[in-house]
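# Architecture and fold: a report
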Amino acid sequence: MARSAALSAFGVFLVLGVLTASLGASLPFLRERFGAEHEVGRVVSAYNVGALAATLGIGLLGRRLNVRAAPPVLLAVFAAGAAGMAASPGWAGYLGCAAVAGIGYGGLALTLNTAFARGFAGNSVVMVNRLNAVFGIGAMLGPLAAGALGRTDIRLLALAAAVCALPCFLVGRAGAVLAAAPRTQAAPRAGADGRRLGAVVAFLPFLLVGLVYAGLETSIGTWQSTQLERDGWSTQAATTAASGFWAGLAVGRLVIPQLTRRVPGRTALPAYLAAALGALALAAVPHLAVAAYPLAGLALAPVLPTLIAWVSGVAEVPQQATSVLTLCCMLGNAVVPAVVGALSGSGGPVVIPLVLAGACLLCLGLAGWLRAVRR
């Protein structure tokens, strides 16, 4: 991959991280801007539904997709959606433009991760990790930016994302890596349909863990500032404090895998989720949420990388397995935050962490099932 394309991809992922993480932290400001009668949490679902649509569309188009042109087109879609969010005077327009920005986000996340996985030969794993670490840095900065700009006009954050994305147009050169012809695979033998069905059943636990985990991560980022506000924090302070969870994720993805590198994934995965469950239960204690959410981020950080490494190690075609896993994660991002919001309602500050802890407990149970079937 060209150096200019790689550097532009890092810039794109930084911007994606900022806007994605800022949406949940912006909810209190969105209520002030558009009115409390709107279900502002829907903006997170709309954004992730757009990402899910992009992931599904790219998968369905397959070889018919002009992959060389995909990165610049998706970057333009993201910038247009973010600019539309900044210019929208009404809630419906803001919600629709958030979905458009989500299309760009989901498409760029999928295509650039694939390009990095194919574009650096033996160094691809390291580069993919670096790319997603940059997203984590952006996610840590997103709530801080929302807190800084929210009192002026929260829509300025989307405008800044659109402006910052445009100089990254050289990311289009990553399309050359995507357009490179893959190695020819052998034709399937008789009985392949039955084996495919068996593979789907065998990988179902992986997919369910990915779905619930991704939705849990997005839900914490979405609803933690709302809980802090219900706990008596000012809107700006609650929004700024929400960066702690993303900081925990960023630090955890750098540190925890190094400490547990000799622990097999089947053992480490339930342990991570159990630690996160304890942190989320701690978040229900009055005035401890501000410390508990960063701890939850620290514990959850290695879950998805561990799951991806595990599924890649047991799959006959790792690229296909991780693509389906990514699709399930996108689905979880779109669905689970909406479910958490519906269950939390307008209850007190204790309700949100308890609902989140319930989602974590479900994920832990699925991880236990996965461990049992993969003995």
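Scroll up to find the structure.
Now for a quick tour of the structure. (Residues numbered from 1 in each chain as written. Predicted model: local features only at pLDDT ≥ 70, side-chain atom pairs only at ≥ 80, totals over all residues. Heavy atoms only, no water.)

## Examining the pattern of salt bridges
Using the criterion set out here, one finds three salt bridges in the structure. Here Arg31 makes a salt bridge to Glu229, at a shortest N to O gap of 4.0 Å. With a gap of 198 residues between them, Arg31 in helix α2 (residues 27-34) and Glu229 in helix α9 (residues 192-230) connect regions that are remote in the sequence. Arg31 sits in the partly exposed class, given a relative accessible area of 23%. Each of Arg33, Asp153 and Arg155 takes part in a single network of salt bridges with overlapping partners. (Salt bridge = Lys/Arg side-chain N within 4 Å of Asp/Glu carboxyl O. Helix = DSSP H or I, 4+ residues; strand = E, 2+ residues; numbered from the N terminus. Buried < 20%, exposed > 50% of the residue type's maximum accessible area, 1.4 Å probe, protein only.)

## Some words on a nonpolar patch on the surface
Residues Leu14, Ile137, Leu141 and Leu144 make up a contiguous nonpolar surface patch of about 290 Å² in total accessible area. The element best represented in the nonpolar patch is helix α6 (residues 124-153), accounting for three residues. Relative to the assigned elements, Leu14 resides in helix α1 (residues 3-25). (Patch = residues over 30% accessible without salt bridge, like charges linked within 9 Å, V, L, I, M, F, W, Y side chains within 5 Å. Areas by Shrake-Rupley, 256 points an atom, 1.4 Å probe, with all protein chains shown as cover.)

## A short note on the packing of aromatic side chains
According to the stated counting rule, one finds eight aromatic pairs in the structure shown. Here Trp91 and Tyr94 contribute two aromatic rings whose centre-to-centre distance is 6.0 Å and whose plane-to-plane angle is 20°, an arrangement assigned as stacked. Of this pair, Trp91 and Tyr94 are both found in helix α5 (residues 91-119), three residues apart, which corresponds to roughly one turn of the helix. Comparing Trp91 with Tyr94 shows no difference in burial state: the two are buried. With centroids separated by 6.3 Å and ring planes inclined at 20°, the aromatic side chains of Tyr105 and Phe135 adopt a geometry described as stacked. Taken as a pair, Tyr105 in helix α5 and Phe135 in helix α6 lie far apart in primary sequence, 30 residues in all. Of the two residues examined, Tyr105 and Phe135, each falls in the buried class. Clustering of aromatic rings is evident, with ring pairs tying together Phe13, Tyr47, Tyr105 and Phe135. Directly above the aromatic system of Phe34 lies the positively charged group of Arg33, at a separation of 5.3 Å from the ring centroid. (Phe/Tyr/Trp six-rings, centres within 6.5 Å; stacked < 30°, edge-to-face > 60°. Lys NZ or Arg CZ within 6 Å of the ring centre and 35° of its normal.)

## A few points about the side chain of Thr111
Inspection of the secondary structure puts Thr111 in helix α5. Since its relative accessible area comes to 6%, Thr111 is described here as buried. One polar contact links the side chain of Thr111 to the main-chain carbonyl oxygen of Gly107, over a distance of 2.8 Å. A polar atom in the side chain of Thr111 sits 3.5 Å from the backbone oxygen of Leu108. (Polar contact = N/O pair within 3.5 Å; in protein donor to acceptor, adjacent residues only side chain to side chain.)

## As for the packing of helix α4 (residues 70-87) against helix α7 (residues 155-165)
Between α4 and α7, the shortest axis-to-axis distance is 7 Å and the interhelical angle comes to 155°. What the angle tells us is that α4 and α7 run roughly antiparallel. Pair α4 / α7 crosses with left-handed handedness. Contacts between α4 and α7 involve Leu75, Phe78, Ala79, Ala82, Ala83, Met85, Ala86 and Ala87 from the first element and Arg155, Ala158, Leu159, Ala161, Ala162 and Ala165 from the second. By residue class, the composition of the contact of α4 with α7 is 13 nonpolar, no polar and one charged. (Axes fitted to C-alpha atoms, helices over the stretch in contact; angles between N-to-C directions. Parallel < 35°, antiparallel > 145°, perpendicular 65-115°, else oblique. Left-handed = near helix turned anticlockwise from the far one by under 90°. Contact = heavy atoms within 4.5 Å. Nonpolar A, V, L, I, M, F, W, Y, C, P; charged D, E, K, R; others polar.)

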